[in-house]
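Spelled out, the chains give:
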Amino acid sequence: MPKLSPDAPVLHPDCEIHNSTFGRYVEIGRGTRLVNAQFGDYSYCDRHADIANAQIGKFANIAAMTRIGATDHPLDTASCHHFLYRSEYYWDNVTADEDFFARRAARVAHIGHDTWIGHGAMVKPEVSLGHGAVVASGAIVTKDVPPYTIVAGVPAAPIRARQPKQVAERLMELAWWDWDHARLRASLEDFRTLSAEAFLEKYA
């Protein structure tokens with residue numbers, strides 16, 4: 001496990017990264033592809049994630065083989081093949097359809113703070129995961145997920161709350177994910193040992 005840094009992300013081998021930004025203490029797993037992605041502080045993804053057109057909050061936990069902001073094809077035209085917009089691959093006298101790519105890039109997925117996206121899950125474009133949300137392995141998320149809600153299945157549907165509503169609301173009000181590095185370290189033992197409710201009693 002590498003030592004993470006506030007100055008630059010840890011990028012494991014064989015990553016493809018285009019037009020992406022990173023906060024402090026970020027780690028990007030081997031073989032990951034990032035396009036138009038923003039990673040907040042302390043967030044990471046494991047191996048072979050594929051993330052496009054996404055804003056990812058702080059402390060996001062993204063497992064291996066996940067896909068966020070999965071790009072799609074046009075369905076209202078005569079063909080859905082990418083020769084329509086990657087036309088320069090096929091002919092010398094035509095360029096890419098930049099308007100199509102601009103529309104695709106504008107369909108941003110939003111991942112909240114302290115979220116967990118399980119192995120092999122997919123989050124579709126323009127979907128938002130609320131703070132504290134959890135996506136089960138293999139789920140396909142096609143609709144917004146409320147804060148502190150666990151979803152599973154294809155398409156993903158809520159299975160239970162991660163925290164009771166009142167606790168979730170108090171955690172979001174506390175916004176511990178905005179604490180500085182020193183305060184996080186000072187509170188580490190309480191993060192490890194206290195229940196969410198006990199933690200709130202001490203810090204809220």
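Summarised in this report is the structure supplied together with it.

Cut-offs used in this document
Residues numbered from 1 in each chain as written. Predicted model: local features only at pLDDT ≥ 70, side-chain atom pairs only at ≥ 80, totals over all residues. Heavy atoms only, no water. Helix = DSSP H or I, 4+ residues; strand = E, 2+ residues; numbered from the N terminus. Buried < 20%, exposed > 50% of the residue type's maximum accessible area, 1.4 Å probe, protein only. Contact = heavy atoms within 4.5 Å. Areas by Shrake-Rupley, 256 points an atom, 1.4 Å probe, with all protein chains shown as cover. Lys, Arg positive; Asp, Glu negative; His and termini not counted. Charge placed at Lys NZ, Arg CZ, Asp CG, Glu CD. Pairing = 2+ DSSP bridges. Patch = residues over 30% accessible without salt bridge, like charges linked within 9 Å, V, L, I, M, F, W, Y side chains within 5 Å. Salt bridge = Lys/Arg side-chain N within 4 Å of Asp/Glu carboxyl O.

**Thoughts on the overall build of the chain**
If you tally the helices and strands in the chain, you get 5 helices and 17 strands. C-alpha extents for the chain along the principal axes are approximately 65 × 35 × 25 Å. A buried classification covers 39% of the 204 residues belonging to the chain. The contacts in the chain between residues at least 6 apart in sequence include a share of 26% that link residues at least 24 apart. Summed over its atoms, the accessible surface of the chain is roughly 11300 Å², and 52% of this surface lies on carbon and sulfur atoms. Between the mean site of the 21 positive side-chain charges and the mean site of the 25 negative ones, the chain shows a separation of 5 Å.

**As for the sheet that holds strand β6 (residues 44-45)**
The mixed open sheet is built from 8 strands, whose spatial order is β1-β4-β6-β8-β11-β14-β16-β17. Because the sheet does not close on itself, it has two edges, and the strands there are β1 (10-11) and β17 (157-161). As paired strands, strand β14 (residues 134-135) and strand β16 (residues 149-152) are joined by 2 bridges and run parallel to one another. Considered in β16, the bridge of Val-135 is made with Val-151.

**What about a nonpolar patch on the surface?**
Side chains of Phe-83, Tyr-89, Tyr-90, Trp-91 and Val-94 sit close together on the surface and give an oily, nonpolar patch of about 500 Å² of accessible area. Checked against the element boundaries, Trp-91 lands in the loop between β9 (67-68) and α1 (98-105). Take Trp-91: its relative accessible area is 43%, and that puts it in the partly exposed class.

**Things to note about the side chain of Thr-66**
Tracing the chain through its elements places Thr-66 in the loop between β8 (61-62) and β9. Accessibility expressed as a relative area gives 1% for Thr-66, which makes it buried. Among all residues touching Thr-66, those that are not within four sequence positions of it are His-48, Ala-49, Asp-50, Ile-117, Gly-118, His-119, Gly-120 and Ala-121.

**Examining the environment of His-181**
Along the chain, the position of His-181 falls in helix α3 (residues 181-186). His-181 sits 156 residues away from Tyr-25 along the chain, and the two C-alpha atoms are 10.0 Å apart. Beyond its immediate stretch of four places on either side in the chain, His-181 contacts Arg-24, Tyr-25 and Tyr-42.

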